Amino acid sequence: MKKSALLLSAFIAAGLLFLCCKSADTPIPDEDGHRLWLRYAPAGKLADQYRNAIQRIVVTGDSDTSRIIGRELASAMDTMLGSPGSVDTAWQKKPALIVGTPSTSDLIHNLNWDAELAEAGPEGFIIRSTSIENHPVTVIASSGEIGALYGTFHFLRLLQTGQPIRDLSVTERPRVQFRLLNHWDNLDGSIERGYAGRSLWQWGELPGKRDPRYTDYARVNASVGINGAVINNVNADVRILTEEYLLKVAALADLWRPYGLRVYLSAKFSAPVQLGGLQTADPLEPEVADWWKAKAAEIYRLIPDFGGFLVKANSEGQPGPKDYGRTHAEGANMLADALAPHGGIVMWRAFVYDQDVDPDRVKRAYIEFTKLDGRFRRNAVVQVKNGPIDFQPREPFHPLFGGMKQTPVFAELQATQEYLGQAKHLVYHGTMWKEFLDSDTYAKGAGSTVGGVLDGTVYPYPVTGIVSVANPGTDTNWCGHHFSQANWYAFGRLAWNHRLSAGQIAEEWARMTFTNDDGTVDAIRDMMLSSWETFVSYTMPLGLHHLIGTDHYAPMPENDRARRSDWTAFYYHRAAADGIGVDRTRKGNKAVEQYFPPVCDRFDSLETCPEKFLLWFHRCAWNYRMKSGLTLWQELCGKYYAGAEQAADLQAKWQSLAGIIDPRRHKEVADRLEIQVEDAVKWRDHILKYFQQYSQMPIEPPKQAITYGHRRLYANRYKTRAGI
Ligand code: GCV
């Protein structure tokens with residue numbers, strides 16, 4: 001061999017050795033999760049394509065929002081492409097990314113997209129690969145600046161998830177108008193049902209000191225199209241309506257305006273008495289209505305784009321119009337009238353369950369609100385939890401979806417995992433919310449899905465919306481559990497477009513939050529997609545619900561004593577020697593009749609009722625024959641055992657990703673999975689032991705339950721796929 005060839009091979013060998021050692025030695029840097037899904041990790045395979053297409057970033061407009069767009073793009077390009085993307089207002093005839101509106105950008109104006117942009121609306125946008133004067137450009141255009149911001153985040157999502165950007169032709173508009181978070185934050189900094197630290201709002205420091213987290217929060221929401229936040233608990237502290245607090249609220253509103261995030265407040269119905277010194281809060285008393293009108297005017301002087309009020313009235317001890325013999329509609333309308341001149345809305349919660357309405361809590365809200373359908377002002381909406389009880393692990397959809405033909409309903413979801421393992425269990429809500437949104441109400445025949453009701457295609461609602469009880473707090477990673485971030489993300493994405501699939505959303509989130517490595521993404525997406533059903537199986541399968549105590553976390557089926565019977569577990573399962581479940585059929589308490597045909601018939605008949613809702617609608621003997629041929633008791637045992645096994649599978653899959661995910665986040669998730677696996681076994685054993693005293697049958701681990709060996713196989717499969 002020639003000397004030069006020898007030298008070359010030695011050089012290559014040394015280089016390879018160096019690279020090998022380096023990759024073996026270079027630890028994956030720890031991450032704390034604070035950047036959520038906006039990490040802007042270095043772009044992979046398509047980095048050159050991105051660099052070629054984005055040689056310049058042109059953002060026109062002289063507003064806070066356009067500056068935010070410019071900053072977001074510049075910093076994203078910096079970390080994703082390794083080149084500080086300099087943002088300019090001039091194009092200079094290079095392949096460029098051009099962002100703006102026809103009124104802020106001549107380049108966009110000259111494209112003549114006005115009709116399409118008008119169709120997409122001020123929050124909608126077009127992202128298109130096109131050319132200007134024969135130079136290739138990518139344009140993000142909207143008729144409104146907020147639309148341009150949303151388009152920017154959409155574009156960055158494409159880059160973050162490794163999508164090609166050569167031939168883009170995207171037109172997006174939100175399917176519903178109001179996409180809000182509901183914070184159950186108290187003025188003392190605590191959060192009702194919050195599991196991620198304290199409230200983000202530092203009331204003692206506002207309005208003077210403005211925590212940078214306020215703008216981070218708005219940015220995160222804008223990245224998924226969330227356009228409003230109710231910032232205080234529905235169990236409202238009346239002080240939020242005092243001038244002292246309104247000035248603080250106004251400071252938040254000022255920071256959030258450029259991100260398209262409007263502020264809303266939970267209002268206490270008794271405020272005219274508590275703050276105004278009136279003798280009554282009767283909504284039909286003119287002095288009460290005048291007090292609210294004056295209060296609304298005061299709020300709008302400070303916050304010109306204030307969104308409106310959310311009200312929990314005559315529920316769980318909160319004051320309301322029924323205290324004065326008035327209806328929910330009369331209460332809501334009085335507030336709606338106060339807000340109407342300023343463009344605000346009232347979201348009146350249907351989470352009411354007066355014991356004197358019906359013996360079954362499941363039926364109460366429907367009875368109260370359908371009577372009032374059509375009696376609400378145009379700017380008043382009824383906000384309804386997804387199911388008839390209260391964010392249980394699985395509920396059938398609330399019959400008020402479809403049941404309110406003339407009064408708009410908003411769906412209230414819950415990202416904070418009150419009944420779903422809080423921030424300790426890994427439970428992705430995307431699948432649960434999709435089951436709900438895709439449920440067919442048959443309100444106007446087949447295809448009248450809940451999603452269609454919410455977006456106004458089933459009934460022509462004048463206002464449309466979806467909200468979620470929020471899960472961020474002061475924890476470094478915002479949501480307590482790293483995977484709980486996915487529920488915030490999924491809410492935003494589904495509120496924007498309820499037709500997206502749970503899998504697509506999970507994949508997007510996994511790619512942006514963890515890695516673009518396909519094998520790892522598959523593993524994480526699979527974990528997420530199975531996690532809800534797993535949780536249901538080891539806690540409340542087959543339509544069981546509310547088997548908890550006051551902590552809403554641990555199993556407590558024996559809970560049969562509380563201030564109200566409908567706060568116990570026994571009220572919901574009624575386990576006894578003859579069987580278990582509540583007969584809500586036509587032969588029972590007729591709750592099924594609150595649904596349109598054929599949904600009511602389907603739920604009514606044992607033949608057709610989906611077994612996932614069996615004990616919600618039916619009372620069955622322990623030896624009732626399930627579709628599998630097993631008895632109900634055996635099936636129940638099977639579900640609990642399978643659920644606990646599947647929880648262990650989640651853990652095994654996550655373990656298989658050690659070394660791929662950064663150590664800190666990997667460990668933090670692993671620590672919680674440890675708890676989850678133990679809890680799943682506790683749930684299984686506790687519930688089965690409790691019910692066994694009634695079934696008097698042996699607790700049989702099912703033959704088909706996945707064995708531990710099986711699980712190891714699973715973990716190994718992931719390890720192989722992930723190349724470790
Ligand atoms: C904000 C459930 C929760 C309460 C919550 C209530 C509601 O009962 O446990 O904490 O109160 O729902 O939605 O109003």
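Refer to the structure presented above.
Every value quoted in this text rests on a predicted model; they were computed, and no experiment measured them. (Residues numbered from 1 in each chain as written. Predicted model: local features only at pLDDT ≥ 70, side-chain atom pairs only at ≥ 80, totals over all residues. Heavy atoms only, no water.)

Close approach of charged atoms allows side chains with opposite charge to pair. Evaluation of the coordinates by the stated rule reveals 46 salt bridges. In this structure, Asp566 and Arg564 form a salt bridge, with 2.8 Å as the shortest nitrogen-oxygen distance. The residues Asp566 and Arg564 share a single accessibility class, namely buried. Within the structure, one salt-bridge network assembled from shared partners comprises Glu31, Arg35, Arg39, Asp662 and Arg665. (Salt bridge = Lys/Arg side-chain N within 4 Å of Asp/Glu carboxyl O. Buried < 20%, exposed > 50% of the residue type's maximum accessible area, 1.4 Å probe, protein only.)

Right, let's get into the environment of Arg378. Topologically, Arg378 is positioned in the loop between helix 12 (361–370) and strand 12 (380–385). Residue classification places Arg378 among the exposed positions, given a relative accessible area of 66%. With 259 residues separating them along the chain, Arg378 and Glu119 place their C-alpha atoms 23 Å apart. Beyond its immediate stretch of four places on either side in the chain, Arg378 contacts Pro462 and Val463. (Helix = DSSP H or I, 4+ residues; strand = E, 2+ residues; numbered from the N terminus. Contact = heavy atoms within 4.5 Å.)

So, about the packing of aromatic side chains. Scanning the model with the defined rule gives 38 aromatic pairs in all. Within the aromatic cluster, the residues linked to one another by ring pairs are Trp37, Trp201, Tyr214, Tyr217, Trp256, Trp478, Trp488 and Tyr489. Above the face of the Trp478 ring, Arg213 is positioned so that its terminal group lies 4.4 Å from the ring centre. Stacked on the ring of Tyr353, the Lys or Arg Arg361 has its end atom at 3.7 Å from the ring centre. (Phe/Tyr/Trp six-rings, centres within 6.5 Å; stacked < 30°, edge-to-face > 60°. Lys NZ or Arg CZ within 6 Å of the ring centre and 35° of its normal.)

Topologically, Gly225 is positioned in the loop between helix 7 (212–223) and strand 8 (228–230). In sequence terms Gly225 and Glu123 are 102 residues apart; their C-alpha atoms lie 8.5 Å from each other. Beyond its immediate sequence surroundings of up to four residues, Gly225 is in contact with Tyr150, Arg179 and Trp496.

Turning our attention to the packing of helix 10 (residues 286–302) against helix 11 (residues 328–339). Taken N-terminus to C-terminus, the directions of helix 10 and helix 11 make an angle of 40°; their axes are 8 Å apart at the nearest point. In terms of axis orientation, helix 10 runs oblique to helix 11. The crossing of helix 10 and helix 11 is right-handed. Judged by residue contacts, Val288, Ala289, Trp292, Lys293, Ala296 and Tyr300 of helix 10 engage Met334, Leu335, Ala338 and Leu339 from helix 11. Residues that form the contact of helix 10 with helix 11 fall into these classes: nine nonpolar, no polar and one charged. (Axes fitted to C-alpha atoms, helices over the stretch in contact; angles between N-to-C directions. Parallel < 35°, antiparallel > 145°, perpendicular 65-115°, else oblique. Left-handed = near helix turned anticlockwise from the far one by under 90°. Nonpolar A, V, L, I, M, F, W, Y, C, P; charged D, E, K, R; others polar.)

One pass over the structure, following the stated rule, counts nine cavities of 30 Å³ or more. Computed from the structure, the largest cavity encloses a volume of approximately 90 Å³. Every residue lining the largest cavity is listed: Ala350, Phe351, Val352, Tyr353, Arg361, Ala365, Val384, Lys385, Gly387, Pro388, Ile389 and His398. Elements represented by at least two residues in the lining of the largest cavity include exactly helix 12 and strand 12. When its residues are assigned to classes, the lining of the largest cavity shows eight nonpolar, two polar and two charged. Considering only enclosed or pocket space, the second largest cavity measures out at about 60 Å³ in volume. (1 Å grid on protein atoms, 1.4 Å probe; cavity = no way out; pocket = protein on both sides within 12 Å on 5 of 7 lines; lining within 4 Å. Points joined across faces, edges and corners; volume = space filled by probe spheres on them.)

Moving on, we get to the nonpolar core. Core analysis: the biggest nonpolar cluster contains 224 residues, and Trp256, Trp292, Phe309, Trp654 and Phe691 have the highest contact counts within it. Among all residues touching Trp292, those that are not within four sequence positions of it are Leu241, Ala267, Lys268, Phe269, Ala271, Pro272, Phe309, Met334, Leu335 and Ala338. Counting 13 residues, the second-largest nonpolar core is a separate cluster that includes Trp91, Ala96, Leu117 and Ile132. (Core = buried A, V, L, I, M, F, W, Y, C linked by side-chain atoms within 4.5 Å.)

Counting buried positions along strand 11 (residues 345–349) gives five out of five residues, so the element sits mostly inside the fold. Here strand 11 shows no split at all, with Ile345, Met347 and Arg349 on one side and Val346 and Trp348 on the other all buried. In this sheet, strand 11 lies alongside strand 10 (residues 308–311) in parallel orientation, the contact comprising four bridges. Pairing of Val311 across the sheet is with Trp348, part of strand 11. The parallel pair strand 10 and strand 11 is bridged by helix 11, and the resulting crossover is right-handed. Note: strand 11 against strand 12, four bridges, orientation parallel. (Pairing = 2+ DSSP bridges. Right-handed = clockwise from strand over helix to strand, strands pointing away.)

Attention now goes to the layout of surface pockets. Approximately 680 Å³ is the volume attributed to the largest pocket. Listed by contribution, the elements that provide at least two residues to the lining of the largest pocket are helix 6 (145–160), helix 17 (502–513) and helix 18 (518–539). Classifying every residue of the lining of the largest pocket gives 15 nonpolar, seven polar and nine charged.

This paragraph deals with the sheet that holds strand 5 (residues 135–141). The six strands are arranged 2-1-3-5-4-6 in an open sheet whose pairing can be described as mixed. Either end of the sheet is taken by a strand with one partner, and the two such strands are strand 2 (87–88) and strand 6 (169–172). Pairing analysis gives four bridges linking strand 4 (residues 125–132) to strand 6, with the strands arranged antiparallel. Among the inter-strand pairings, Arg128 is bridged to a residue of strand 6, identified as Ser169.

Over its twelve residues, helix 7 runs 17 Å from end to end, which matches the ideal 16 Å to within 8%, given 1.5 Å per residue. Along helix 7, the residues classified as buried are Arg213, Tyr214, Tyr217, Ala218, Val220, Asn221, Ala222 and Ser223. Regarding helix 7, its N-cap is Asp211, as a side-chain oxygen of that residue lies 2.8 Å from the backbone nitrogen of Arg213 further along. Count one or two residues on from helix 7 and you reach Gly225, which has phi positive near 80°. (Expected span 1.5 Å × (residues − 1). Polar contact = N/O pair within 3.5 Å; in protein donor to acceptor, adjacent residues only side chain to side chain.)

Take the site of the ligand next. Contacts to the ligand come from 14 residues, most closely from Glu192, Lys312, Arg349, Lys385 and Glu418. Within the side chain of Glu192, an N or O atom sits 2.4 Å from an oxygen atom of the ligand. A distance of 2.6 Å separates an oxygen atom of the ligand from a polar side-chain atom of Lys385. Coverage of the ligand by the protein amounts to 96% of the 340 Å² it exposes when considered alone. (Near = heavy atom within 4 Å. Areas by Shrake-Rupley, 256 points an atom, 1.4 Å probe, with all protein chains shown as cover.)

Everything listed is a geometric property; what it means functionally is a separate question.
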